[in-house]
Amino acid sequence: MTRAVVIGATGQIGRVAVGALARDGWEVTAVSRGGGRDTSWPEEVRVAAADRADDAALAAAVGDGCDVLVDMVAYGPEHARQLAGLAGRVGSAVVISSLSVYEDDKGRNFDTQGEPDGFPEYPVPVTEDQRTIRPSEASYSTRKAGLERELLAVADQLPATLLRAGAIHGPYCRTPRELYFVKRNLDGRRRRVLAYGGASRFHPASVHNIAELVRLAAARPGARVLNAVDPEAPTVAEIASAIDAVMGVEVEDVLVDGPPPAPTVGDTPWSVPVPVVCDMSAAERELGYRPVVTYAESLPETVAWIEGQLAGRDWREAYPKMYETYGDLFDYAAEDVWLT
């Protein structure tokens, strides 16, 4: 192990992955638009400023070459081609993808979930052999699928490990699902409505577990696709209870069978009609992977980070992308009317 270049180093996963690689003996160059440095990184980590869209700046950050290039922010097929263009100077790559590329045997996927009977019914657990959505420019999921297909097509030139991450959680997240319960607790809401009986499961993925997969894949180059999720997939009721425990509060769950009873009542960022749970045996087999943290163990730092971001600010100011993605998550008036 010698040189590693990490693109998107100051993002949510990148901060942890850079530290994991550096402590594992890699000479790390941390690349971000601002060229910033995380205080947790060892002093020997080098930093470089480069905009992902600037091919020349990215090539300059790679320099004469690196043994592994870790890409946290690759999004579409054009980024795959960008990485392939560096193949002569890069030994292998580790690239973050998403489990949203999966579709069920009826062609349903995350993009169809808003349609009648459109939510996918995946097998439990989902393995990497599950069919994937057709690549296109239509959505986040289809562009991630295009990224994967393009990289796998050039595996002879640039072997890449693609990590299909679940619901990513940890500090620095711009859309933390935990916000839903943290803010409610801070606001003194001691009753909450949970659709689907509180039994929804949408597999979370800690930044620490993803960083461990990055560390292992960097040391074992190969052309492969692997799921990247936590060792357990707790229900939404279990997630809520775990956050309550961290914050030292008690909350009554009002469980509703079936979908949310009103547009802004009982619909959490985890609320899905059928479980989305992934299998991790391929990573265990190919990389010797073992999770480094459970969901509950990781919560204190996540909750503390969210509380800090909310301090003195409207949640929509603190988390504008969360509002853009989910709309009004805290319509307490509508909830009170329904509860009454």
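For the structure, see preceding data.
These notes cover the structure that comes with them. (Residues numbered from 1 in each chain as written. Predicted model: local features only at pLDDT ≥ 70, side-chain atom pairs only at ≥ 80, totals over all residues. Heavy atoms only, no water.)

## Structural notes on the nonpolar core
Argument step 1. Leu21, Phe181 and Val214 are the most contacted members of the largest nonpolar core, which totals 75 residues.
Argument step 2. Top contributing element to this core by residue count: helix H6 (residues 207-219), with eight residues.
Argument step 3. Ignoring any residue separated from it by four or fewer positions in sequence, one finds Leu21 in contact with Ala4, Val6, Trp26, Val28, Val70, Val214, Arg215 and Ala218.
Argument step 4. Formed by 25 residues, the second largest nonpolar core is a distinct cluster that contains Val31, Leu86, Val90 and Ala93. (Core = buried A, V, L, I, M, F, W, Y, C linked by side-chain atoms within 4.5 Å. Buried < 20%, exposed > 50% of the residue type's maximum accessible area, 1.4 Å probe, protein only. Helix = DSSP H or I, 4+ residues; strand = E, 2+ residues; numbered from the N terminus. Contact = heavy atoms within 4.5 Å.)

## Section: the sheet that holds strand S10 (residues 224-228)
Within a beta sheet, neighbouring strands are joined by backbone hydrogen bonds and run either parallel or antiparallel to one another.
Argument step 1. The strand order across the open sheet formed by seven strands is S3-S2-S1-S4-S5-S6-S10, and the pairing between neighbours is parallel. If you trace the sheet from one side to the other, it starts and ends with strand S3 (46-49) and S10, each paired once. Strand-to-strand twist across the sheet, computed as the mean angle between neighbouring axes with direction ignored, equals 20°.
Argument step 2. Two strands pair when backbone bridges link them, and strand S6 (residues 160-165) and S10 are joined in this way by five bridges, in the parallel orientation. Its bridge partner being in S10, Arg164 is matched across the sheet by Asn227.
Argument step 3. Against the sheet, helix H1 (residues 12-23) engages strand S1 (3-7), strand S2 (27-32), strand S4 (66-71) and strand S5 (90-98), with an angle of about 165° to S2. (Pairing = 2+ DSSP bridges. Axes fitted to C-alpha atoms, helices over the stretch in contact; angles between N-to-C directions.)

## Observations regarding the side chain of Asp71
Argument step 1. Inspection of the secondary structure assignment puts Asp71 in strand S4.
Argument step 2. In terms of polar contacts, Asp71 uses its side chain to reach the side chain of Arg52, at 2.6 Å.
Argument step 3. Setting aside residues up to four positions removed in sequence, Asp71 forms contacts with Ile7, Arg52, Leu83, Val94, Val95 and Ile96. (Polar contact = N/O pair within 3.5 Å; in protein donor to acceptor, adjacent residues only side chain to side chain.)

## A few points about the pattern of salt bridges
Argument step 1. Scanning the model with the defined rule gives 22 salt bridges in all.
Argument step 2. As a salt-bridge pair, Glu252 and Arg191 come within 3.3 Å of each other at their nearest N and O atoms. Highlighted residues: Glu252 in strand S11 (residues 252-255) and Arg191 in strand S8 (residues 191-194), separated in sequence by 61 residues.
Argument step 3. Residue class for Glu252 comes out partly exposed when judged on its relative accessible area of 42%.
Argument step 4. Classification of Arg191 by relative accessible area gives partly exposed; the value is 37%. (Salt bridge = Lys/Arg side-chain N within 4 Å of Asp/Glu carboxyl O.)

## What to know about the environment of Leu194
Argument step 1. When you line up the elements, Leu194 lands in strand S8.
Argument step 2. Residue Leu194 is classed as buried on the basis of its relative accessible area of 1%.
Argument step 3. Apart from residues no more than four positions distant in its own chain, Leu194 is found in contact with Phe181, Ala237, Asp253, Val254, Leu255, Val256, Gly266 and Thr268.

## Looking at the packing of helix H5 (residues 179-186) against helix H9 (residues 295-310)
Packed helix pairs are characterised by how far apart their axes lie and by the angle those axes make with each other.
Argument step 1. Running from N to C, H5 and H9 point in directions that differ by 60°, and their axes come no closer than 10 Å. For the element pair H5 / H9, the angle class is oblique. At the point where H5 passes H9, the crossing takes the right-handed sense. The segment H5 lies against H9, with Leu179, Val182, Lys183 and Leu186 engaging Val303, Ile306, Glu307 and Leu310.
Argument step 2. Class assignment for the residues of the contact of H5 with H9 results in six nonpolar, no polar and two charged. (Parallel < 35°, antiparallel > 145°, perpendicular 65-115°, else oblique. Left-handed = near helix turned anticlockwise from the far one by under 90°. Nonpolar A, V, L, I, M, F, W, Y, C, P; charged D, E, K, R; others polar.)

## Let's talk about the environment of Leu69
Argument step 1. By the secondary structure assignment, Leu69 is in strand S4.
Argument step 2. Judged by its relative accessible area of 1%, Leu69 is buried.
Argument step 3. C-alpha of Leu69 to C-alpha of Val254: the two residues are 185 residues apart in sequence and 47 Å apart in space.
Argument step 4. Excluding anything up to four places from it in sequence, Leu69 contacts Val5, Ile7, Val62, Leu83, Leu86, Val90, Ser92, Ala93 and Val94.

## Some words on the packing of aromatic side chains
Argument step 1. Per the counting criterion, the structure on display carries 11 aromatic pairs.
Argument step 2. Taken together, a centroid distance of 6.2 Å and an interplanar angle of 65° make the contact between Phe330 and Tyr332 edge-to-face.
Argument step 3. Given a relative accessible area of 9%, Phe330 falls into the buried group.
Argument step 4. Between the NZ or CZ atom of Arg143 and the centre of the ring of Tyr75, over which it lies, the distance is 4.4 Å.
Argument step 5. Looking at Lys183, its charged tip hangs above the ring of Phe330, at a distance of 5.3 Å from the centre. (Phe/Tyr/Trp six-rings, centres within 6.5 Å; stacked < 30°, edge-to-face > 60°. Lys NZ or Arg CZ within 6 Å of the ring centre and 35° of its normal.)

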